Amino acid sequence: RPLLGRNKILAGVCPGVAGLLPVKLATLLVLAGGVARRDDGGTQIRGELHLLLLGDPGTGKSQLMKWACRASPGRSVLTTGRGSSGAGLTVAAVREGNSWALEAGALVLADGGLCCIDEFDGIRSTERAVIHEAMEQQTVHVAKAGLVTSLRTRTSIIGAVNPRPGTTITCSRPLTEVTGLEGPLLSRFDIVLLLADPRRPDWDRVVAGHVLARGGIVAAGGPEDGQPGTGLALPDLKAPLPEEPLLRLGAASQASEPQTALRPAAVLQESQMTIAQRVAARLAGSAAGVTLPGTQAANRPAHNAAGGCMAAYGRLAPGAAQEAAPGSTRDVQSGDCADGDAGPDAGGSAWTLDIIRSYIAWVRGRPPPVMSAEAERVLVAYYGAMRRAEDRSAARSTIRALESLIRLSQAHARLLCSGEVLLRDAVAAVMLADSSQQLLHIPGGDNVTCGRFPDDPDDDHREQQRIVLTALGLTHLLPPPPPMLPAPPPAPWG
């Protein structure tokens, strides 16, 4: 069940924000990244993803960016576009005595990592052009004060934009009109997600209950002794977890292995651990095994901005790479690697911030996934649908859109620890790209803000896959339905 394992990881992504399943998935894909390559002409094609969050105030954009900076295994820079100049984002020439020197900006400082720019629309329009080259070619050519050079900006960018005053966020309006950004700049973003603030009483109850539950204001059991309560149900906003009591380090019994019950001083060897347990054990400083205490671990190692988490526990052992291979019973795709209860900091998921950071660094060090023929057909068919649409967005239907789809599918395959980009990865990329355009008219595809975790992610993905392939005219790629169980024999007449 690959999507169940993925959603268990997503349960630990910015747990303080309710819902936003597509946004949290896109954030993890930005951290995982695609595959950089060089074409036959020698042109370098970037593998880093750029994400633009267009949302109403109070939809959690800033919290997601702060969490992404903390979870990035490499460098991370968080800045704001309000008052930032082009030189502050790229390179500035400063005078030191009788000479001049170049001072790196935010994009150059984040080379090899992540740069989050809040209030992206606050950058003056006359200075936005300087970041075009930094986003696509990933270089900055400088000719200032007699200094001529070029600097690398191999960084992923997450930008947050509020809608212009007097405009509403909807797929029917051009993005250039809603955001105020130019078409060439919008075409450089691989994903554009619309976070409209829904005015729905049922969703308001979900958000209010989630906030109260996270703050410990109300008890999970509801009102007692006949006293009136808040009337707010505390929803389950995460993927289903096993019922056994689990520890912060993720070292506990598997749902399919009840014989390894939790004991106050049990020791598990590394070969018996899942990926989350193994990473947590390395973070705790144990190489041969981890002692299972009866209480939750309190201290966690600190991490620097350059991704010192990987240095804290080293690379995963070769046996771990074999267990994480596609088809393995202890793969992240099986859903068994996210067992555990990390306490309130992770929303009930074993995938804490430290473990997610380490896992992202590990999957990025694996061999890049290769594109399958089925995934290639889906991406090309959706790109053709974008080009043929009558009300298509000129800024979002260039050849860069196809490159973005390729990077998204590669990042999704990396996140699932797969060595091949499969049909499910291409469908996930199309779902994210179509959320802001609605070319395929996928039910609920434009409702990003209210995106909740389904009870059965794999079954939900199969339904989305059927809708996407039917809309693209690729029904022959649909997998055969599961075999029907034989009907029970009729009961004998008594």
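Residues numbered from 1 in each chain as written. Predicted model: local features only at pLDDT ≥ 70, side-chain atom pairs only at ≥ 80, totals over all residues. Heavy atoms only, no water.

Participant: Help me get a handle on the pattern of salt bridges, residues and values and all.
Facilitator: On inspection of all chains with the given rule, the structure shows ten salt bridges. The partner of Asp425 in a salt bridge is Arg424, and the shortest N-O contact between them spans 3.8 Å. Each of Arg46, Glu136, Asp190 and Arg407 takes part in salt bridges that share partners, so that together they form one network. (Salt bridge = Lys/Arg side-chain N within 4 Å of Asp/Glu carboxyl O.)

Participant: Lay out helix 14 (residues 373-388) with the relevant residues and their values.
Facilitator: Taking 1.5 Å per residue as the helical rise, helix 14 with its 16 residues ought to reach 22 Å, and the 23 Å between its terminal C-alpha atoms agrees with that figure. Among all positions in helix 14, only Ala375, Val378, Leu379, Ala381, Tyr382, Tyr383, Gly384, Ala385 and Met386 are buried. (Helix = DSSP H or I, 4+ residues; strand = E, 2+ residues; numbered from the N terminus. Expected span 1.5 Å × (residues − 1). Buried < 20%, exposed > 50% of the residue type's maximum accessible area, 1.4 Å probe, protein only.)

Participant: Residues and numbers for the nonpolar core, please.
Facilitator: Counting residues in hydrophobic clusters, the biggest one holds 46 residues, and the most contacted among them are Leu28, Trp67 and Ile158. Ranked by residue count, the leading element in this core is helix 2 (residues 21-32), at eight residues. Each of two domains, domain 1 (21-197) and domain 2 (367-477), supplies a minimum of three residues to this core. Setting aside chain neighbours within four positions, we find Ile158 in contact with Val30, Leu51, Leu53, Met65, Ala68, Leu114, Cys115, Cys116 and Ile117. Residues Leu54, Leu107, Val142 and Phe189 belong to the second largest nonpolar core, which totals 30 residues. (Core = buried A, V, L, I, M, F, W, Y, C linked by side-chain atoms within 4.5 Å. Domains from an automatic or database assignment. Contact = heavy atoms within 4.5 Å.)

Participant: Account for the confidence of the model for the protein chain, naming residues and giving values.
Facilitator: When the pLDDT values of the protein chain are averaged, the result is 74; 70% of them are 70 or greater. Between residues 220-266, whose pLDDT stays under 50, and residues either more than four places distant or in other chains, the model counts 100 contacts. When the criterion is pLDDT under 50, residues 286-347 qualifies, and its contacts beyond four places in sequence or with other chains add up to 178 contacts. (pLDDT = per-residue confidence, 0-100.)

Participant: If you had to explain the packing of aromatic side chains to someone new, which residues and values would you point to?
Facilitator: Enumeration over the complete set of coordinates arrives at three aromatic pairs. Taking 5.6 Å as the distance between ring centres and 80° as the angle between the ring planes, the aromatic pair formed by Phe120 and Phe189 counts as edge-to-face. Here the residue Phe120 occupies a position in the loop between strand 7 (114-118) and helix 6 (130-136), and Phe189 occupies one in the loop between helix 8 (183-186) and strand 11 (191-195), the gap between them amounting to 69 residues. Taking relative accessible area as the criterion, Phe120 reaches 0% and is therefore assigned buried. Of the residues examined, Phe189 reaches a relative accessible area of 1% and is grouped as buried. When the centroid spacing of 5.2 Å and the interplanar angle of 75° are considered together, the rings of Trp351 and Tyr359 count as edge-to-face. Among the aromatic residues, those joined into a ring-pair cluster are Trp351, Tyr359 and Trp362. Sitting over the face of the ring of Trp362, Arg366 holds its NZ or CZ atom 5.4 Å from the ring centroid. (Phe/Tyr/Trp six-rings, centres within 6.5 Å; stacked < 30°, edge-to-face > 60°. Lys NZ or Arg CZ within 6 Å of the ring centre and 35° of its normal.)

Participant: Before we move on, could you go through the environment of Ala18 and cite the residues and values that matter?
Facilitator: Relative to the assigned elements, Ala18 resides in the loop between helix 1 (2-10) and helix 2. In sequence terms Ala18 and Thr449 are 431 residues apart; their C-alpha atoms lie 8.9 Å from each other.

Participant: Tell me about the pairing of strand 6 (residues 99-104), and name the residues and values.
Facilitator: As paired elements, strand 5 (residues 91-96) and strand 6 share six bridges and run antiparallel to each other. Counted as the bridge partner of Glu96 is Ser99 from strand 6. Taken together, strand 5 and the strand that follows it, strand 6, pair antiparallel across an intervening segment of two residues, in which Gly97 is found at a positive phi of about 70°. (Pairing = 2+ DSSP bridges.)

Participant: An account of unusual backbone geometry is requested, with residue identities and associated values reported.
Facilitator: Even without glycine at this site, Cys14 takes up a positive phi of about 45°. In this fold, Cys14 is placed in the loop between helix 1 and helix 2. With phi around 50°, Glu119 is a residue other than glycine that occupies positive phi space. Summarising the element assignment, Glu119 is placed in the loop between strand 7 and helix 6.

Participant: Residue-level account of the packing of helix 16 (residues 423-434) against helix 17 (residues 457-471), with values.
Facilitator: Direction vectors running N to C along helix 16 and helix 17 enclose 75°, while the axes themselves pass 10 Å from each other. In this view, helix 16 runs roughly perpendicular relative to helix 17, as classed from their interaxial angle. Touching Leu423, Arg424, Val427, Ala428, Val430 and Met431 of helix 16 are His461, Gln464, Gln465, Val468 and Leu469, all from helix 17. Considered class by class, the residues forming the contact of helix 16 with helix 17 number seven nonpolar, three polar and one charged. (Axes fitted to C-alpha atoms, helices over the stretch in contact; angles between N-to-C directions. Parallel < 35°, antiparallel > 145°, perpendicular 65-115°, else oblique. Nonpolar A, V, L, I, M, F, W, Y, C, P; charged D, E, K, R; others polar.)

Participant: Break down the sheet that holds strand 10 (residues 156-161) for me, citing the residues and quoting the values.
Facilitator: The sheet built from five strands is open, its strands ordered 4-7-10-3-11 with parallel pairing. Of all strands in the sheet, those with a lone pairing partner are strand 4 (76-80) and strand 11, marking the two edges. Averaged over all adjacent pairs, the angle separating strand axes in this sheet is 15°, with direction ignored. In this sheet, strand 7 lies alongside strand 4 in parallel orientation, the contact comprising five bridges. Its bridge partner being in strand 7, Thr80 is matched across the sheet by Asp118. Docked against the sheet, helix 2 engages strand 3 (50-55), strand 7, strand 10 and strand 11, running at close to 155° with respect to strand 11. Along the sheet, helix 3 (residues 61-71) makes contact with strand 3, strand 4, strand 7, strand 10 and strand 11, crossing strand 7 at roughly 160°.

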